[in-house]
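Each chain, letter by letter, is given below.
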Amino acid sequence: MLNYLEKELAVILIENVENKQMNLTYKEAAEELGKRINQTVNPHFGLRKPLEMIARVCVELDLPIITVRVVRASGTSRKMAGEGFYKIACELKPMYKTMSDEEVWNLEKKLVRECKDWDKLRTYITRNVK
């Protein structure tokens, strides 16, 4: 089950995908989440667990891992998902273990873009909140 913070973050990600917006940096995701829950969220430490929980729910619902939309800031070497994404993606989808982090990131991005129905996730987060 997702807690309130995780639910709000999932809603942000669904809106991001459905509105065909650009990927969110960890900082942008934390700021938007902070506005919605009315508290400060640390982008370095406050998103790891919520992103992992949302990824687990996505796989459980047979959906692409929507958390692929949260990326490192452009000041880093590559503007892609953090190491935590690759680790959880490989755990949840063992076939990814033979792929590079960039290959996994590109494939999940494609799957998320191609997914036209996020209602299963939306229904899950409205019915299963801690």
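Per chain, residues are indexed from 1 in the order of the written sequence. Thresholds applied to this predicted model are a pLDDT of at least 70 for local features of residues and 80 or more for the giving and counting of side-chain atom pairs; totals over whole chains, interfaces and linings are not thresholded and use all residues. Values reported for side chains reflect all heavy atoms of the structure, with hydrogen atoms and water molecules removed beforehand.

Caption draft 1: Structural context of the overall build of the protein. Broken down by element type, the protein carries 6 helices and 2 strands. By definition, any uninterrupted DSSP run of H or I lasting at least four residues is a helix, any uninterrupted run of E lasting at least two residues is a strand, and each is numbered from the N terminus. Listing every helix and strand of the protein by position from the N terminus yields α-β-α-α-β-α-α-α. Radius of gyration (C-alpha) of the protein: 14 Å, near the 14 Å computed for a compact globule of 130 residues. Along the first, second and third principal axes, the C-alpha set of the protein runs to 40 × 35 × 25 Å. Partitioning the contacts of the protein with sequence separation of at least 6, the portion at a separation of at least 24 is 64%. All accessible-area figures derive from a Shrake-Rupley calculation using a 1.4 Å probe, and residue coverage is judged against the displayed protein chains alone. Element-wise, carbon and sulfur atoms account for 51% of the exposed surface of the protein, whose accessible area totals about 7400 Å². Positive residues here are Lys and Arg, negative ones are Asp and Glu, while His and the chain termini are left out of the count. Charged side chains are reduced to one point each, which is NZ for Lys, CZ for Arg, CG for Asp and CD for Glu. Of the side chains in the protein, 23 bear a positive and 19 a negative charge, and the two mean positions are spaced by 1 Å. Using C-alpha atoms as the atom set, the radius of gyration is obtained and then compared with a globule rule of 2.2 Å times the number of residues to the power 0.38. Throughout, a contact is declared for two residues whenever any of their heavy atoms are within 4.5 Å.

Caption draft 2: Inspection of the side chain of K7 at higher detail. Note that K7 resides in helix α1 (residues 4-18). A distance of 3.0 Å separates polar atoms of two side chains, one belonging to K7 and the other to E8. Two N or O atoms count as a polar contact when they lie within 3.5 Å, although within protein this holds only if one can serve as hydrogen donor and the other as acceptor, and sequence-adjacent residues are included solely when both atoms are side-chain atoms.

Caption draft 3: Broad picture of the pattern of salt bridges. Here, a salt bridge means any side-chain nitrogen of Lys or Arg that lies within 4 Å of a carboxyl oxygen of Asp or Glu. This structure, assessed with the given rule, holds 11 salt bridges. A salt bridge links E18 to R122; its shortest N-O distance comes to 2.6 Å. One end of the pair, E18, is in helix α1; the other, R122, is in helix α6 (residues 119-127), and 104 residues separate them in sequence. Burial here depends on accessible area, computed with a 1.4 Å probe over protein chains only, as a share of the maximum for the residue type. Under 20% is buried, over 50% is exposed, and the range in between is partly exposed. Under the relative-accessibility criterion, E18 is labelled partly exposed at 38%. Residue R122 is classed as partly exposed on the basis of its relative accessible area, which comes to 30%. Measuring nitrogen to oxygen at the nearest pair gives 3.2 Å for the salt bridge that ties R56 to E52.

Caption draft 4: Spatial organisation of the packing of α1 against helix α2 (residues 26-37). A fitted line through C-alpha atoms serves as each axis, taken over the contacting stretch for helices, and the angle formed by two N-to-C directions is quoted from 0 to 180°. Between α1 and α2, the shortest axis-to-axis distance is 10 Å and the interhelical angle comes to 120°. On the basis of their axis angle, the class for α1 and α2 is oblique. Once α1 is placed against α2, the crossing between them reads as right-handed. In this structure, α1 contributes Y4, L5, E8, L9, V11, I12 and E15 to the contact, and α2 contributes A29, E32, L33, R36 and I37. Note on terminology: angles under 35 degrees are roughly parallel, angles over 145 are roughly antiparallel, angles of 65 to 115 are roughly perpendicular, and the others are oblique. When the near helix sits turned anticlockwise from the far one by under a right angle, the crossing is termed left-handed; a clockwise turn instead gives a right-handed crossing.

Caption draft 5: Seen up close, the environment of D119. With respect to the helices, strands and loops of the structure, D119 is situated in helix α6. At 2.8 Å, the side chain of D119 and the side chain of R122 are in polar contact.

Caption draft 6: Structural context of the nonpolar core. One finds L47, I66, W118 and L121 to be the most contacted residues of the largest nonpolar core, which totals 45 residues. Looking at this core, the elements that each hand over two or more residues are α1, α2, α3 (48-60), β2 (70-71), α4 (83-92), α5 (101-114) and α6. Broken down by element, the residue count for this core peaks at 7 residues, all from α1. Apart from the residues lying within four places of it in its own chain, the contact partners of L121 are I14, V57, C58, L61, L63 and I66. We call a set of buried residues a nonpolar core when its members are Ala, Val, Leu, Ile, Met, Phe, Trp, Tyr or Cys and they connect through side-chain atoms within 4.5 Å of each other.

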